[in-house]
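Observations on chain architecture
The primary structure of each chain is shown beneath.
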Amino acid sequence: MAYENILVEVHGKVGVVLLNRPKALNALSKGLVRELAQALDAFEADPEIGAIVLTGSDKAFAAGADIKEMSGKSYMDVYMEDFITVDWERAAGCRKPVIAAVAGYALGGGCELAMMCDFILAAENAKFGQPEITIGTIPGAGGTQRLTRFVGKSKAMEMCLTGRMMDAQEAERAGLVSRIVPVDDLKDEAIKTAGKIADLSLPLTMMAKESVNRAYETTLAEGLRFERRVFHSSFATDDQKEGMAAFVEKRQPDFKNS
Ligand code: HXC
C-alpha cells in the first residue's frame with residue numbers, strides 16, 4: 001500500500017512504521033493518523049508479524065497533533081467528528097506487542113502516541129512533553145491520564161501545567177521509558193528488541209501484554225486473579241509444552257504460535 005505520511009518496513013518478523021512528515025516534525029495530521037491505523041491493521045492481520053516498532057526521525061518522533069489543522073476547528077467540529085478517537089486509539093488497541101522508539105521531540109499527541117505503545121525506548125536526545133497548555137488547550141489523547149500513571153502526579157501535573165519538557169535521562173528515572181540508547185542505534189536496537197519478542201510465541205506474548213495492561217484497569221486482587229487464569233490457560237498451548245521441553249532438553253525452543 002502506498003502511504004504519503006508514513007513509511008512501512010518489514011524486518012523478518014518485525015513490522016516497522018516510520019512517521020514521515022519531516023517538514024512538520026511528524027505532526028500528527030488526520031491523514032497521518034489514518035495511515036498509521038491502516039498500517040497497524042495490516043501488521044495485526046499479518047500472521048508473519050510478531051511485533052511492531054513505531055518510530056519517527058532523529059529529530060522528532062512527533063511534535064504533536066497538527067496545530068495548523070486543528071487551529072480553525074470549532075467545538076461542534078471536534079465534538080461531532082469525535083476528534084481524537086478511532087484512528088488515534090488504534091495503537092493502544094493493538095494486541096501484538098508495539099515498541100515506541102523515540103528520538104527527538106515526542107510532544108503533545110506525540111508523547112501520548114508513544115505512551116499508547118507497550119514500552120518506550122528513548123534515544124539520548126529524546127524530549128517528552130505535554131505543551132498543549134501553552135497553545136490554549138489540554139492533552140486530548142491520554143496525556144493527563146497515561147502520563148500520570150507512568151510518572152506519578154507531581155511530575156505529570158508539572159508537565160501538563162507548565163508544558164516543561166523532560167529529557168531522556170529524566171524520563172528514564174521517572175519510569176516513562178524502559179531504557180536509553182544512542183540516537184544512531186535507536187532503530188536497530190528497537191528492531192532487535194522487537195525481533196526477540198517476535199521469536200517467542202505470539203499467543204504467549206499477547207497474553208503477557210494483556211495481563212500487564214490489566215494492572216492499569218483493575219484492583220490488585222482482580223488483576224492477580226486475571227493473571228492466574230491466563231497463566232493457567234498458557235498450559236493449554238503447544239508452545240508451553242515446547243518451551244518447557246526445550247529447556248529440559250537444553251535446546252532452543254521452536255514455537256509454532258499454537
Ligand atoms: C503543525 C508543526 C508542529 C505541530 C512543528 N510544526 N510542530 N506543525 N503542528 N504540532 C512545524 C512548524 O510549524 C514548522 O513548519 C516546522 O514544523 C518546524 O518547526 P519549528 O518550530 O520551526 O522547529 P523548531 O524551532 O526546531 O522547534 C521545534 C518544536 C516546535 C519545539 C517542536 O516546533 C514546537 O513547539 N512545536 C509544537 C509543539 C506542540 O505544541 N505540540 C502539541 C500540539 S497540540 P514551518 O512550515 O513553519 O517551517 C497536541 C494536542 C494533542 O498535540 C491532543 C490530542 C492528540
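Computed from a predicted structure; not experimentally measured.

**A closer look at a nonpolar patch on the surface**
- Together, Tyr75, Met76, Tyr79 and Met80 make up a nonpolar patch on the protein surface, roughly 530 Å² of accessible area in all.
- Along the chain, Tyr75 turns up in helix H3 (residues 75-80).

**A word on the layout of surface pockets**
- Of the volumes computed, that of the largest pocket is approximately 860 Å³.
- Counting residues per element, the ones that place at least two in the lining of the largest pocket are helix H4 (90-93), helix H5 (109-116), helix H6 (143-151) and helix H10 (202-214).
- With nine residues, H10 is the single largest residue contributor to the lining of the largest pocket.
- Looking at the lining of the largest pocket residue by residue, the classes come out as 16 nonpolar, four polar and eight charged.
- In terms of domain composition, the lining of the largest pocket takes at least three residues from each of domain 1 (6-198) and domain 2 (201-249).
- Taken as a whole, the second largest pocket spans an internal volume of roughly 450 Å³.
- Along its surface, the second largest pocket is lined by 23 residues, and Met70, Glu132, Ile135, Thr137 and Ile138 are the ones closest to its centre.
- Elements supplying a minimum of two residues to the lining of the second largest pocket: helix H2 (67-70) and H5.

**Comments concerning the domain arrangement of the chain**
- Along its sequence, the chain is carved into domain 1 (6-198) and domain 2 (201-249).
- Computed over C-alpha atoms, the centres of domain 1 and domain 2 are 27 Å apart.
- Opposite the ten residues of domain 1 that make contact, domain 2 presents six residues.
- Across the interface of domain 1 and domain 2, roughly 740 Å² is buried in total on both sides, 55% from carbon and sulfur atoms.
- Contact with domain 2 buries area across many residues of domain 1, yet Arg95, Asp118 and Arg149 alone supply 51% of it, more than any other trio.
- Among the ionic pairs, Lys209 bridges to Asp118, the shortest N-O distance being 2.8 Å.
- Summed over the shared surface of domain 1 and domain 2, the result is four residue pairs in polar contact (both at pLDDT 80 or more).

**A closer look at the site of the ligand**
- Within the structure, the ligand sits among 24 residues, and Ala63, Ala65, Ile67, Lys68 and Gly109 are positioned closest to it.
- In the environment of the ligand, an oxygen atom lies 3.3 Å from a nitrogen or oxygen atom belonging to the side chain of Lys59.
- One of the side-chain N or O atoms of Lys68 is found 3.2 Å from an oxygen atom in the ligand.
- For the ligand, the accessible surface in isolation is 1,000 Å², of which the surrounding protein chains cover 66%.
- Those elements that provide at least two residues to the shell around the ligand are H2, strand S6 (105-107) and H5.
- The greatest single-element share of the shell around the ligand, amounting to three residues, is contributed by H2.
- When its residues are assigned to classes, the shell around the ligand shows 14 nonpolar, four polar and six charged.

**Details of the packing of aromatic side chains**
- Summed over all chains, the structure comprises two aromatic pairs.
- Between Tyr75 and Tyr79 the ring centres are 5.7 Å apart and the planes differ by 15°, which places this aromatic pair in the stacked class. Taken together, the residues Tyr75 and Tyr79, both in helix H3 and four residues apart, mark about one turn of the helix.
- Since its relative accessible area comes to 58%, Tyr75 is described here as exposed.

**A short note on the pairing of strand S1 (residues 6-11)**
- Of the pairings in the sheet, the one linking S1 to strand S2 (residues 14-19) comprises six bridges and is antiparallel in character. Within the sheet, the bridge partner assigned to Ile6 lies in S2 and is Leu19.
- The antiparallel pairing of S1 with S2 creates a hairpin that spans two residues between the two strands, and Gly12 there sits at a positive phi of about 60°.

**Notes on the sheet that holds S6**
- Taken together, the four strands give an open sheet; going across it, the order is S4-S6-S8-S9, and neighbouring strands pair in mixed fashion. Among the strands making up the open sheet, the edge pair consists of strand S4 (60-62) and strand S9 (166-167).
- When strand S8 (residues 127-129) meets S9, the two strands line up antiparallel, connected through two bridges. The partner of Phe128 across the bridge, within S9, is Met166.

Rules behind the numbers
- Residues numbered from 1 in each chain as written.
- Predicted model: local features only at pLDDT ≥ 70, side-chain atom pairs only at ≥ 80, totals over all residues.
- Heavy atoms only, no water.
- Patch = residues over 30% accessible without salt bridge, like charges linked within 9 Å, V, L, I, M, F, W, Y side chains within 5 Å.
- Areas by Shrake-Rupley, 256 points an atom, 1.4 Å probe, with all protein chains shown as cover.
- Salt bridge = Lys/Arg side-chain N within 4 Å of Asp/Glu carboxyl O.
- Helix = DSSP H or I, 4+ residues; strand = E, 2+ residues; numbered from the N terminus.
- 1 Å grid on protein atoms, 1.4 Å probe; cavity = no way out; pocket = protein on both sides within 12 Å on 5 of 7 lines; lining within 4 Å.
- Points joined across faces, edges and corners; volume = space filled by probe spheres on them.
- Nonpolar A, V, L, I, M, F, W, Y, C, P; charged D, E, K, R; others polar.
- Domains from an automatic or database assignment.
- Contact = heavy atoms within 4.5 Å.
- Buried area = accessible area lost by both parts, 1.4 Å probe.
- Polar contact = N/O pair within 3.5 Å; in protein donor to acceptor, adjacent residues only side chain to side chain.
- Near = heavy atom within 4 Å.
- Phe/Tyr/Trp six-rings, centres within 6.5 Å; stacked < 30°, edge-to-face > 60°.
- Buried < 20%, exposed > 50% of the residue type's maximum accessible area, 1.4 Å probe, protein only.
- Pairing = 2+ DSSP bridges.

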